[in-house]
Amino acid sequence: MTGRATAAIRVWRSRNVRTGTDRAYAAYMVFMVAVVAVTPIARAVWLSLTSAEGIAVLASTAAPGVTVLTAAGLWAGALILGRDRGPAVLPPFPTHALATSDLPRSDTFRGPVLRAGALVTGLATFAAGLVGGSLTSNGLADPLSTAMFAAVGALVGIVATVAWLAGQVFPRAAVPVALGVLALAAFTAAVPFMQPFTPWGWVGLAYPGSGSPHTLVALTALTAALVAAVPVLLNRLGLAELMAQAARWESAATYATGMEFSSAVTIYQGEPHAGRRRLRAVRAIRRRSAVFLIRDAIGAVRTPGRLVVGVIALATAGTLITLAFAPAMPGWALGAAAGLTLFGGLGPFTDGIRHAASVAADFPLYGISDEHLLANHALFPLAVTVVVLLTVVVVCSFVTGMSAFAPILSSLALGVLTLMARVGNALKGPLPPTLLAPIPTPVGDLGAAVRMIWALDAVLLIAFAGAAAALAFESPVLLIGVAITLVGLVVARWRQRT
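Please read these numbers as outputs of a predicted model, since none were measured by experiment. Numbering of residues begins from 1 in every chain and follows the order in which that chain's sequence is written. Reporting in this predicted model follows two pLDDT cut-offs: at least 70 for local features of residues, and 80 or more for side-chain atom pairs to be given and counted; totals over whole chains, interfaces and linings ignore these cut-offs and use all residues. Hydrogens and water molecules were not included; the side-chain quantities draw on all heavy atoms of the structure.

## Here we look at the overall build of the protein
- Starting at the N terminus, helices and strands are each numbered in turn, a helix being any DSSP run of H or I of at least four residues and a strand any DSSP run of E of at least two. The secondary structure content of the protein amounts to 24 helices and two strands.
- Burial here depends on accessible area, computed with a 1.4 Å probe over protein chains only, as a share of the maximum for the residue type. Under 20% is buried, over 50% is exposed, and the range in between is partly exposed. Counting across all 498 residues of the protein, residues that qualify as buried make up 40%.
- Computed by Shrake-Rupley with a 1.4 Å probe, the accessible areas treat only the displayed protein chains as cover when residues are assessed. Carbon together with sulfur atoms contributes 70% to the accessible area of the protein, which is approximately 25900 Å² in total.

## Here we look at the packing of helix 17 (residues 331-345) against helix 21 (residues 405-426)
- Lines fitted to the C-alpha atoms define the axes, with helices restricted to the stretch that makes contact. Angles between their N-to-C directions range from 0 to 180 degrees. As a packed pair, helix 17 and helix 21 sit with axes 10 Å apart at the nearest point and diverge in direction by 50°. Of the possible angle classes, the one that applies to helix 17 and helix 21 is oblique. Crossing geometry of helix 17 relative to helix 21 is assigned as right-handed. In contact with A338, G339, L342, F343 and G344 of helix 17, helix 21 contributes L414, G415, T418, A421, R422 and N425.
- Of the residues assigned to the contact of helix 17 with helix 21, the class counts are five nonpolar, five polar and one charged. Angles are sorted into four bins: roughly parallel if under 35 degrees, roughly antiparallel if over 145, roughly perpendicular if 65 to 115, and oblique for all others. Crossing handedness is read from the near helix: turned anticlockwise from the far helix by less than a right angle, it gives a left-handed crossing, and turned clockwise, a right-handed one. Whether two residues touch is decided by their heavy atoms; if any such pair falls within 4.5 Å, the residues are in contact. Three classes are used: nonpolar for Ala, Val, Leu, Ile, Met, Phe, Trp, Tyr, Cys and Pro, charged for Asp, Glu, Lys and Arg, and polar for all others, with Gly counted as polar.

## Overview of helix 22 (residues 447-455)
- Burial within helix 22 is extensive, with seven of its nine residues counted as buried.
- Those residues of helix 22 not exposed but buried are G447, A448, A449, R451, M452, W454 and A455.

## Description of the environment of R115
- Tracing the chain through its elements places R115 in helix 7 (residues 110-137).
- Put simply, R115 and P87 are 28 residues apart on the chain and 8.4 Å apart in space, counted from C-alpha to C-alpha.

## Things to note about the side chain of S410
- Considering the arrangement of structural elements, one finds S410 in helix 21.
- Note on S410: relative accessible area 2%, which makes it buried.
- Excluding residues within four positions of it along the chain, S410 makes contact with I321, F325, A469, A472 and F473.

## Looking at the pattern of salt bridges
- Salt bridges are defined by distance alone: a side-chain nitrogen of Lys or Arg within 4 Å of a carboxyl oxygen of Asp or Glu. Summed over the entire model, instances satisfying the criterion amount to six salt bridges.
- Between D457 and R493 there is a salt bridge; the shortest N-O distance is 2.4 Å. Here D457, found in helix 23 (residues 457-470), pairs with R493, found in helix 24 (residues 476-495); they are 36 residues apart in sequence, far enough to count as distant. With respect to burial, D457 and R493 carry one shared label: buried.
- In the salt-bridge network here, residues are joined through shared partners; they are R306, D351 and R354.

## Overview of the environment of G117
- Tracing the sequence through the fold places G117 in helix 7.
- Put simply, G117 and A160 are 43 residues apart on the chain and 8.2 Å apart in space, counted from C-alpha to C-alpha.

## Considering the packing of helix 18 (residues 351-358) against helix 19 (residues 370-377)
- Two elements in contact, helix 18 and helix 19, have axes whose closest approach is 8 Å; the angle formed by their N-to-C orientations is 170°. In terms of axis orientation, helix 18 runs roughly antiparallel to helix 19. Across the interface between the two elements, G352, I353, H355 and A356 of helix 18 pack against L373, L374 and H377 of helix 19.
- Classifying every residue of the contact of helix 18 with helix 19 gives four nonpolar, three polar and no charged.

## Focus on the nonpolar core
- Among buried residues, the Ala, Val, Leu, Ile, Met, Phe, Trp, Tyr and Cys ones that are joined through side-chain atoms within 4.5 Å form a nonpolar core. Formed by 33 residues in total, the largest nonpolar core has its most connected members in L314, I321, L414 and I462.
- Where this core is concerned, the elements lending two or more residues are helix 16 (304-323), helix 17, helix 20 (379-400), helix 21, helix 23 and helix 24.
- The residues contacting L314, other than those within four sequence positions of it, are L342, G345, L346, F349, V384, T385, V388 and L389.
- Within the second largest apolar cluster, 25 residues are counted, among which are A128, V156, V203 and A206.

## Overview of the packing of aromatic side chains
- Two aromatic rings from Phe, Tyr or Trp, using only the six-membered ring of Trp, form a pair when their centres are within 6.5 Å; if the ring planes differ by under 30 degrees the pair is stacked, by over 60 it is edge-to-face, and anything between is tilted. Inspection of every chain in the model, using the stated rule, returns six aromatic pairs.
- Considering the side-chain rings of F149 and Y207, the 5.6 Å spacing of their centres and the 70° angle between planes classify their relative orientation as edge-to-face. In this pair, F149 sits in helix 8 (residues 143-169) while Y207 sits in the loop between helix 10 (199-205) and helix 11 (213-228), placing the two residues 58 residues apart along the sequence. Considered together, F149 and Y207 belong to a single accessibility category, that of buried residues.
- Criterion for a charge above a ring: Arg CZ or Lys NZ at most 6 Å from the ring centre, at most 35 degrees from the ring normal. Positioned over the ring face of W249 is R85, at 4.1 Å from the centre of the ring.

## A short note on the confidence of the model for the protein
- Think of pLDDT as the predictor's per-residue confidence, scored from 0 to 100. Chain-level pLDDT for the protein is 81 on average; 83% of the residues reach the 70-or-more range.
- Counting interchain partners and residues more than four positions distant, the pLDDT-below-50 stretch residues 15-23 has three contacts.

## Regarding the side chain of T215
- Tracing the sequence through the fold places T215 in helix 11.
- Here T215 is in contact with W202, L205 and A206, once residues within four sequence places are set aside.

So this is what it looks like as structure tokens:
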């Protein structure tokens with residue numbers, strides 16, 4: 001079996017070797033994405049961190065506690081992510097060939113784990129270096145503490161990789177353990193006395209300006225112990241789980257290559273299971289709007305995991321948009337983050353909108369027009385958005401002692417615009433063939449950049465909408481412009497539906 005597996009892998013690799021043209025095109029695509037998206041975003045992040053507002057946030061007394069929550073959130077998220085897509089993933093054919101051979105999985109699946117770990121570790125180190133570099137450039141930390149914090153960031157990335165693999169090996173235990181980590185981290189952040197006794201507390205103690213070598217030593221010992229357990233975890237991977245994750249990832253990659261990111265995300269959505277036998281979704285009620293409202297609510301309850309994540313995302317967006325109005329805060333950055341979080345959190349509540357968009361321009365299925373069908377399905381996400389945002393904004397304003405008037409108006413405006421962006425994204429359809437044509441310019445072909453912008457138009461617009469909502473009382477023209485753009489986009493796509 002080992003010889004057959006090796007021969008099969010050689011055949012698969014020979015059939016999938018990229019030519020020089022393919023490699024050049026892939027490198028060009030990466031370069032264009034970096035030019036269009038990564039470079040401006042990295043520059044904006046650095047300017048924000050080194051601004052007066054950014055320095056005030058990084059140098060505040062709450063920064064170490066936020067670091068504790070960030071590290072714990074990263075590790076908990078890695079555990080949950082491993083349930084659906086772990087680091088030990090190869091294409092289906094080599095996965096089956098290697099998993100059914102006599103070779104140990106600690107050897108055959110070590111490569112993808114190392115590549116995934118290098119990516120996560122590099123991003124964590126880069127983020128920690130940005131924070132430390134910003135503080136050092138303003139004289140608030142010495143270079144030694146910045147270097148130590150960057151090393152701690154690398155260790156955090158390694159631990160996150162091991163947690164990611166553990167979530168893939170133990171999918172049933174991933175969610176309870178992740179919730180326990182988050183609860184303990186919240187307790188540690190609230191009670192600083194507990195920081196020396198928890199791993200996420202060690203990360204907070206290593207924050208530039210307050211770090212000590214003992215936390216680095218303790219975190220290094222923990223990381224070494226976890227890395228030593230990686231071969232054992234790899235050898236516990238099952239064939240069925242490996243094949244399922246490989247098949248889902250290949251399908252998602254196929255959709256993503258065709259710029260159909262919504263379809264790629266749909267592959268990882270959980271199947272409805274809660275209350276399917278006892279809880280009726282469609283009920284005989286006179287008011288048609290109430291029928292759709294209850295139907296969409298029960299549909300969301302049938303996937304409780306997505307429902308909880310969506311509510312948490314909406315609450316996080318409400319918190320961010322409230323903090324955007326606090327003094328000495330980078331309002332536009334927090335507003336953009338609130339918009340992106342709100343857009344992602346609305347996903348579990350807009351299944352009805354996607355259904356209405358998919359059957360639009362076809363024969364009426366329910367005896368009502370397409371406009372009424374879409375409007376009725378928009379009631380549930382609109383109600384949830386308004387209730388959650390209002391509650392969170394009022395509570396945060398009361399806790400921080402801020403006026404709730406401006407955050408309430410901005411959050412409501414952002415919620416409506418985000419819902420419109422979801423409608424426009426559902427009506428988008430496949431990639432227009434006209435965008436496949438090259439766009440020659442003196443700096444090269446911009447066709448790839450245009451296609452990327454088309455695929456991410458809703459995300460980019462809602463990020464601008466969030467930043468404009470945070471600055472609405474300073475410059476309302478920006479928010480009005482984004483609103484007009486979104487309305488025009490939705491109307492144009494609705495008229496062009498097929």
